[in-house]
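One-letter residues, chain by chain:
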Amino acid sequence: MSLEKDIERISEEAKRYLEIGEEDIIRVHEISNKLLKHSEKIVSGALKSLLSSDLAIKFLKEAGLTKERAAELYSRWLGQVLKGDYGLEHAKNVFMIGLAHARYGVHRRLMCLCIGAWLRELLRALKEVGAEDSIETAISISKLLIWNLVIMLQGYYIARVESLKRASGISPTLFERLFKLKADEVYRSIMADMKMASRK
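Residues numbered from 1 in each chain as written. Predicted model: local features only at pLDDT ≥ 70, side-chain atom pairs only at ≥ 80, totals over all residues. Heavy atoms only, no water.

### Let's talk about helix α1 (residues 3-18)
So, step 1. With 16 residues, α1 extends 22 Å from end C-alpha to end C-alpha; this agrees with the ideal 22 Å at 1.5 Å per step.
So, step 2. All of the buried residues along α1 are Asp6, Ile7, Ile10, Ser11, Ala14 and Lys15.
So, step 3. Just past α1, the residue Glu19 takes up positive phi, approximately 60°. (Helix = DSSP H or I, 4+ residues; strand = E, 2+ residues; numbered from the N terminus. Expected span 1.5 Å × (residues − 1). Buried < 20%, exposed > 50% of the residue type's maximum accessible area, 1.4 Å probe, protein only.)

In structure tokens form, the structure reads like this:
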């Protein structure tokens, strides 16, 4: 399967799973201009969370990103979240963000925490602008943020698998089998250690 088809498949699967319909995208588009009037505050809040992490600061330095450049990238992404069409080209752009995160070794945990910070800030802004259907709009925003996270994580995953394949010659299928086999061993081992620790 081509990479483009894989991105499209993951995007459509995420939309089905999260029940993202055209009405969600329209609902967010309709409130986007009001929310974007608060973009400086939204970006500032999300960036404050990012800069509270020593790990994030390390990655920003390694990537050569200043606080101002990070804020600029955050602003651009916020515009895509609120005004994007959630089609294939949009998914490909978000996928590339995941690849960029992998390129600099950004932890997936940090990516998830960032989405949490974005959700917090967007919901605060939503409350401020006083949307008519605030619950429905909050649900739509939440679904679209999770879609973004899923696509980014897929980019991250592909970067890891392809890097391993190129470095070692191990195919993605074999990698998955080995990972599953070893993950089972790790699970059993940690479970046993945890049971032993709880008995003490």
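This is not the end of the story, as more comes after the structure.
### Things to note about a nonpolar patch on the surface
So, step 1. There is a patch of nonpolar side chains on the surface, built from Val186, Tyr187, Ile190, Met191 and Met194 and spanning about 500 Å² of accessible area.
So, step 2. Of the residues examined, Met194 reaches a relative accessible area of 54% and is grouped as exposed. (Patch = residues over 30% accessible without salt bridge, like charges linked within 9 Å, V, L, I, M, F, W, Y side chains within 5 Å. Areas by Shrake-Rupley, 256 points an atom, 1.4 Å probe, with all protein chains shown as cover. Salt bridge = Lys/Arg side-chain N within 4 Å of Asp/Glu carboxyl O.)

### Topic: the side chain of Lys15
So, step 1. Note that Lys15 resides in helix α1.
So, step 2. Residue classification places Lys15 among the buried residues on the basis of a relative accessible area of 14%.
So, step 3. Within polar-contact distance, the side chain of Lys15 engages the side chain of Glu12 at 3.3 Å.
So, step 4. Contact partners of Lys15, with chain neighbours within four places excluded, come to Ile20, Tyr86, Gly87 and Trp147. (Polar contact = N/O pair within 3.5 Å; in protein donor to acceptor, adjacent residues only side chain to side chain. Contact = heavy atoms within 4.5 Å.)

### Overview of the packing of helix α6 (residues 88-103) against helix α8 (residues 134-168)
So, step 1. Contact pair α6 / α8: the axes reach a minimum separation of 7 Å and the direction vectors enclose 55°. In terms of their interaxial angle, α6 and α8 are classed as oblique. With respect to the hand of their crossing, α6 and α8 are arranged in right-handed fashion. For the pair α6 and α8, the contacting residues are His90, Ala91, Val94, Phe95, Ile97, Gly98, Leu99, His101 and Ala102 in the first and Trp147, Asn148, Ile151, Met152, Gln154, Gly155, Tyr156, Ile158 and Ala159 in the second.
So, step 2. Looking at the contact of α6 with α8 residue by residue, the classes come out as twelve nonpolar, six polar and no charged. (Axes fitted to C-alpha atoms, helices over the stretch in contact; angles between N-to-C directions. Parallel < 35°, antiparallel > 145°, perpendicular 65-115°, else oblique. Left-handed = near helix turned anticlockwise from the far one by under 90°. Nonpolar A, V, L, I, M, F, W, Y, C, P; charged D, E, K, R; others polar.)

### Here's the deal with the nonpolar core
So, step 1. Leu35 and Trp118 are the most contacted members of the largest nonpolar core, which has 47 residues in total.
So, step 2. Taken together, the elements giving at least two residues each to this core come down to α1, α2 (22-36), α3 (39-51), α4 (54-63), α5 (67-83), α6, α7 (108-129) and α8.
So, step 3. Beyond its immediate sequence surroundings of up to four residues, Leu35 is in contact with Ile42, Leu82, Leu122, Ala125, Leu126, Val129 and Ile141. (Core = buried A, V, L, I, M, F, W, Y, C linked by side-chain atoms within 4.5 Å.)

### Thoughts on the packing of α1 against α8
So, step 1. For the pair α1 and α8, the least separation of the axes is 10 Å and the interaxial angle reads 150°. Seen along the crossing, α1 lies across α8 with a hand that is right-handed. Side by side, α1 and α8 meet where Leu3, Asp6, Ile10, Ser11, Ala14, Lys15 and Leu18 of the first sit next to Lys143, Ile146, Trp147, Val150, Ile151, Gln154 and Ile158 of the second.
So, step 2. Tallied by class, residues from the contact of α1 with α8 come to nine nonpolar, two polar and three charged.

### With respect to unusual backbone geometry
So, step 1. Of note, Glu19 is a non-glycine position whose phi angle comes to about 60°, a positive value.
So, step 2. Locating Glu19 in the fold gives a position in the loop between α1 and α2.
So, step 3. A positive phi is found at Tyr86, a non-glycine position, where the angle reads about 60°.
So, step 4. Looking at the element boundaries, Tyr86 is found in the loop between α5 and α6.

### Observations concerning the pattern of salt bridges
So, step 1. If you walk through the whole model with that rule in mind, you get 16 salt bridges.
So, step 2. A salt bridge links Glu4 to Lys92; the nearest nitrogen and oxygen atoms lie 2.9 Å apart. Of this pair, Glu4 sits in helix α1 while Lys92 is found in helix α6, placing the two residues 88 residues apart along the sequence.
So, step 3. Classification of Glu4 as partly exposed rests on a relative accessible area of 39%.
So, step 4. Across the pair Lys92 and Glu89 runs a salt bridge whose closest N-O atoms are separated by 3.0 Å. Taken together, the residues Lys92 and Glu89, both in helix α6 and three residues apart, mark about one turn of the helix.
So, step 5. On the basis of relative accessible area, Lys92 is assigned to the partly exposed category, the value being 23%.
So, step 6. Within this structure, Glu4, Glu89 and Lys92 form a network of salt bridges that share partners.

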